[in-house]
Amino acid sequence: MPGSLRDLALANGALVWTSGRDVWWLGDGGRGCLAKLATLPSGPSGTRSSARVAVAGDQLVEVTQTTRALSEAPQTFLVHDGFLYTTVFRGDTIYKVELATGRLGTFAKLPAQSGRYGISLAQHGELLFVASYGQRWLGELPFATGALRVIARGFATGPTALAVDDAHAYVYCESSRRSSGSLQSVVLATGKASVLATNLINSDGVLLDDAWLYLRTLARGAVQLVRVRADGSSGVELVESGLPAGARPVAADADAIYLDARGQIVRLDKQQLTARER
């Protein structure tokens, strides 16, 4: 299967991802037969296009591509109630695309330089959450209005990943020469932040699955999958080591954790996981 795997997601019990302009499907939680769902048409003359996959719940898969309306290919995106919300690299705008018509509009203009080094998006209920890497803040926007409320500011390093539940946002802040990579829990109502875990290197993804938060980290050159309880009641546990380069947790169901590993898909059966203190 040529090209790089991207946008791995679970849709109605099947794994869906893209490679170049092709959209692939693997049923039964990655244990079924491989099938190609579609090939996206070539973009306008002189442009390159590649498929992107977004999933609404477990029913709808939408494919997007670079268009003349957007200055670049979508970087981060999510689907909610018939609309796709997306950003482009270095942009301070969150765009809103009506899936039924393809009509493009502006959902929100963020403060200047918010997107200079990238933006992370997440959703929970009727709220869209955004974390700015360059400006180091976390905010929420109701889907109904697009009005920004900044929840927390002043993270030690730039946020690169985000997950949300009813009461908290879980923010991964990148490791740097001055600061160890950390996973922080932010109370949505007050903006109060607490550190759940440190020394997490190059995680760039947070997967919330029931009571657990899964992340990758690097340790002596090896890629590890670790987890920590969302309520902060446990330390960091090592779930798996020796994973392929770039492997990061992206989805979970009742049976397994799925990782996108830059061209490979890793499936870890939950019944066979042996977590231990890191």
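Not measured: the values here are computed from a predicted model. (Residues numbered from 1 in each chain as written. Predicted model: local features only at pLDDT ≥ 70, side-chain atom pairs only at ≥ 80, totals over all residues. Heavy atoms only, no water.)

### Concerning the overall build of the chain
No. 1: When helices and strands are tallied, the chain shows 1 helix and 26 strands.
No. 2: Buried residues in the chain amount to 47% of all 278 residues.
No. 3: Sequence separation of at least 24 residues holds for 33% of the intrachain contacts in the chain that already meet a minimum separation of 6.
No. 4: Accessible surface for the chain amounts to roughly 13400 Å². Of this, 47% is attributable to carbon and sulfur atoms. (Helix = DSSP H or I, 4+ residues; strand = E, 2+ residues; numbered from the N terminus. Buried < 20%, exposed > 50% of the residue type's maximum accessible area, 1.4 Å probe, protein only. Contact = heavy atoms within 4.5 Å. Areas by Shrake-Rupley, 256 points an atom, 1.4 Å probe, with all protein chains shown as cover.)

### Details of the environment of serine 180
No. 1: Positionally, serine 180 belongs in the loop between strand 16 (168-173) and strand 17 (182-187).
No. 2: Since its relative accessible area comes to 33%, serine 180 is described here as partly exposed.
No. 3: The spacing of serine 180 and threonine 157 is 23 residues in sequence and 9.0 Å in space, taken between C-alpha atoms.
No. 4: Beyond its immediate sequence surroundings of up to four residues, serine 180 is in contact with Ser175, Thr198, Asn199 and Leu200.
No. 5: Of the polar contacts made by the side chain of serine 180, one reaches the backbone nitrogen of asparagine 199; its length is 2.5 Å. (Polar contact = N/O pair within 3.5 Å; in protein donor to acceptor, adjacent residues only side chain to side chain.)

### Some details on the packing of aromatic side chains
No. 1: According to the stated counting rule, one finds 4 aromatic pairs in the structure shown.
No. 2: Plain terms: the ring middles of phenylalanine 107 and phenylalanine 143 are 6.4 Å apart, the flat faces sit at 35 degrees to each other, and that makes the pair tilted. Taken together, the residues span a long stretch of sequence, with phenylalanine 107 in strand 10 (residues 104-109) and phenylalanine 143 in the loop between strand 13 (137-142) and strand 14 (149-153) at a distance of 36 residues. We note that phenylalanine 107, like phenylalanine 143, is buried.
No. 3: An aromatic cluster is defined as three or more aromatic residues linked by ring pairs; in this entry it consists of Tyr85, Phe107 and Phe143.
No. 4: Against the face of phenylalanine 83 rests lysine 96, its NZ or CZ located 4.3 Å from the ring centre.
No. 5: For arginine 227, the ring lying beneath its charged end belongs to tryptophan 212, and the centroid distance is 3.8 Å. (Phe/Tyr/Trp six-rings, centres within 6.5 Å; stacked < 30°, edge-to-face > 60°. Lys NZ or Arg CZ within 6 Å of the ring centre and 35° of its normal.)

### Side note on the nonpolar core
Proteins that are soluble and globular tend to have nonpolar side chains buried together.
No. 1: With 16 residues, the main nonpolar core has Tyr170, Leu183, Leu200, Val206, Leu213 and Leu215 as its most contacted residues.
No. 2: Of all the elements in the fold, those that place two or more residues in this core are strand 15 (159-164), strand 16, strand 18 (193-197), strand 20 (212-219) and strand 21 (222-229).
No. 3: Those residues in contact with leucine 200 that sit more than four places away from it in its chain are Tyr172, Ser175, Ser180, Gly181, Leu183, Leu215, Thr217, Val226 and Arg278. (Core = buried A, V, L, I, M, F, W, Y, C linked by side-chain atoms within 4.5 Å.)

### Notes on the sheet that holds strand 13
No. 1: Strand order in the open sheet formed by 4 strands is 11-12-13-14, with antiparallel pairing between adjacent strands. Bordering the open sheet on either side are strand 11 (119-124) and strand 14, each of which pairs with just one other strand. Going from strand to strand, the sheet's axes swing by 20 degrees on average, the running direction of each strand aside.
No. 2: Note: strand 12 (residues 127-132) against strand 13, 6 bridges, orientation antiparallel. Within the sheet, the bridge partner assigned to serine 132 lies in strand 13 and is tryptophan 137. (Pairing = 2+ DSSP bridges. Axes fitted to C-alpha atoms, helices over the stretch in contact; angles between N-to-C directions.)

### Describing the pairing of strand 25 (residues 265-269)
Successive residues of a regular strand alternate their side chains across the two faces of the sheet.
No. 1: Judged by which residues are buried, strand 25 turns out to be one-sided: Val266 and Leu268 face inward and are buried, whereas Ile265, Arg267 and Asp269, on the alternate face, are not.
No. 2: In this structure, strand 24 (residues 256-260) lies alongside strand 25, joined through 5 bridges in antiparallel fashion. If you follow leucine 259 over to strand 25, its bridge partner there is valine 266.
No. 3: Linking two consecutive strands that pair antiparallel, namely strand 24 and strand 25, is a turn of 4 residues; a positive phi of about 55 degrees is found at arginine 262 within it.

### Let's talk about the pattern of salt bridges
No. 1: Applying the stated criterion across every chain, the model contains 7 salt bridges.
No. 2: In this structure, arginine 31 and aspartate 28 form a salt bridge, with 3.6 Å as the shortest nitrogen-oxygen distance.
No. 3: Here lysine 270 makes a salt bridge to aspartate 209, at a shortest N to O gap of 2.7 Å. Taken together, the residues span a long stretch of sequence, with lysine 270 in the loop between strand 25 and strand 26 (276-277) and aspartate 209 in strand 19 (residues 207-209) at a distance of 61 residues.
No. 4: Aspartate 209 sits in the buried class, given a relative accessible area of 10%. (Salt bridge = Lys/Arg side-chain N within 4 Å of Asp/Glu carboxyl O.)

### Focus on unusual backbone geometry
Peptide bonds are, in most cases, trans, and in most cases residues other than glycine have a negative phi.
No. 1: Positive phi, close to 60 degrees, is recorded for aspartate 7, a residue that is not glycine.
No. 2: Mapping aspartate 7 onto the fold places it in strand 1 (residues 5-11).
No. 3: For aspartate 7, a relative accessible area of 15% corresponds to the buried category.
No. 4: For aspartate 210, which is not glycine, the phi dihedral falls at a positive 55 degrees.
No. 5: Mapped onto the fold, aspartate 210 is located in the loop between strand 19 and strand 20.
No. 6: For aspartate 210, a relative accessible area of 70% corresponds to the exposed category.

None of this, on its own, says anything about what the molecule does.
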